[in-house]
Every structure is written in structure tokens, then in C-alpha cells.
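Below are the chains, spelled out letter by letter.
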Amino acid sequence: MIIIGIVLSFVGLAYLCWLLFALAVHALPFFAGVTVGLAAYHSGSGPVAAIITGAIAGGIILALGQVAFTRLRSPVMRAALALLFVVPAAVAGYYAAHGLAQLVVPAEAWRDAIAIAGATIVAATAFTRMWLSPPPDAEPNVAAGLTSPRLPTSQTGEA
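About the criteria used
Residues numbered from 1 in each chain as written. Predicted model: local features only at pLDDT ≥ 70, side-chain atom pairs only at ≥ 80, totals over all residues. Heavy atoms only, no water. Axes fitted to C-alpha atoms, helices over the stretch in contact; angles between N-to-C directions. Helix = DSSP H or I, 4+ residues; strand = E, 2+ residues; numbered from the N terminus. Parallel < 35°, antiparallel > 145°, perpendicular 65-115°, else oblique. Contact = heavy atoms within 4.5 Å. Nonpolar A, V, L, I, M, F, W, Y, C, P; charged D, E, K, R; others polar. Core = buried A, V, L, I, M, F, W, Y, C linked by side-chain atoms within 4.5 Å. Buried < 20%, exposed > 50% of the residue type's maximum accessible area, 1.4 Å probe, protein only. Phe/Tyr/Trp six-rings, centres within 6.5 Å; stacked < 30°, edge-to-face > 60°. Lys NZ or Arg CZ within 6 Å of the ring centre and 35° of its normal. Polar contact = N/O pair within 3.5 Å; in protein donor to acceptor, adjacent residues only side chain to side chain.

Trainee: I'm lost on the packing of helix α2 (residues 27-42) against helix α4 (residues 75-104) in this one. Help?
Mentor: Geometrically, a packed helix pair is captured by the angle between its two axes and the distance between the axes. One can describe the packing of α2 onto α4 by two numbers: an axis separation of 7 Å at closest approach and a directional angle of 80 degrees. Classified by the interaxial angle, the pair formed by α2 and α4 is roughly perpendicular. Where α2 abuts α4, its residues Ala27, Leu28, Pro29 and Phe31 lie against Leu84, Phe85, Pro88, Ala89 and Ala92. Counted by class, the contact of α2 with α4 contains nine nonpolar, no polar and no charged residues.

Pasting the structure below:
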């Protein structure tokens, strides 16, 4: 029975790590939604109205970020916009890794090292997910490097 508990603990930990990486790109809209929701609550709105306001604000931030990222043509502007999404993801990765490290690592220096490594890995994952979204005027699967772009028929020599 103890073995089943240990195995299920590892499965749960693996699921939480996968969830952290899957949701890393959405850290900025989440932080923005929570901030707007708390501001609405502290300004006199009820809890339901604050939650709805925060969810709408987070959704708008996410939609605007995705539309802006796919519409921008300049790699420098795309990188700058990706960094806006990456920094909150790195903060979330730092604190998630630090919280997990506190459960098993007694030395403070090693906990900080694990937290910094977690922040770096989550930030790199978020940046990669943002960067691999297709740029404007790209065919499907070309941005992710799955296929090579098709050349016009005038360059291939075919009639």
C-alpha cells in the first residue's frame, strides 16, 4: 500500500510540473486578471463582480497579446512582446520550484539554486512557445520548422 502512495505522489508531482509548463505562457494574463479583480474588489465591487472583471481583463490581455504577436513582422518587436510574457512566467517558475524544493531540500543555498534553475527552464519554455507561434503570412507548420516553405513555381523550374 505504501508503494502505491509513493507512485501516486510521483504521478501527482509530474502532473503539477506539466501543468506549470503548460500554463507558463498564461502567467501575464493571470497576474493582470488577479490585479484587476483585486482592484475591483477593493473599490467596492462584490466578490462575484470582481472575479468576473478579473476574468474579462485576463482574457483581453491574452487575446491582445496573441493577436499582436501573430501580427508583428519585426523579430525585435516579437521578441520584446515575448519577453513581456516571459518575465511573469519566470517569476511563477521561480516560486513554484522554490516551493517544491522546500519540501525535499534542507539547504537554503540549494533551494535557491533549484528555484533559479526552475525559473530559467519555465522562462525558456514560455519563450519557446511564444516564439514558435506562426508569424504573419506563414503557411501552417512552417513556423515550427515541421516543413520547409514552398518556393514559387518560377524558382523551382516547374511549369
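Trainee: When you look at the nonpolar core in this model, what are you seeing that I'm missing?
Mentor: The nonpolar side chains of soluble globular proteins are, as a tendency, buried together. Ranked by internal contacts, the top residues of the largest apolar core, which has 14 residues, are Ala24, Phe69, Ala89, Ala126 and Met130. Broken down by secondary-structure element, the contributors of at least two residues to this core are α4 and α5 (108-131). By residue number, the principal contributor to this core is α4, which donates six residues. Filtering out sequence-adjacent residues up to four positions away, Ala126 remains in contact with Ala24, Val25, Val86 and Ala89.

Trainee: Looking at this structure, I do not really get the packing of aromatic side chains. What am I missing?
Mentor: Two numbers describe a pair of aromatic rings. These are the distance of the centres and the angle of the planes. Under the definition given, this model contains three aromatic pairs. Positioned above the aromatic ring of Phe69 is the side chain of Arg78, whose terminal nitrogen or guanidinium carbon lies 4.3 Å from the ring centre.

Trainee: Hey, could you run me through the side chain of Arg111 in this one?
Mentor: Here Arg111 shows up in helix α5. Taking relative accessible area as the criterion, Arg111 reaches 15% and is therefore assigned buried. A distance of 2.8 Å separates a polar atom in the side chain of Arg111 from a polar atom in the side chain of Glu108. Sequence-distant contacts of Arg111, that is, excluding residues within four places in its chain, are made with His98, Ala101, Gln102, Val105 and Pro106.

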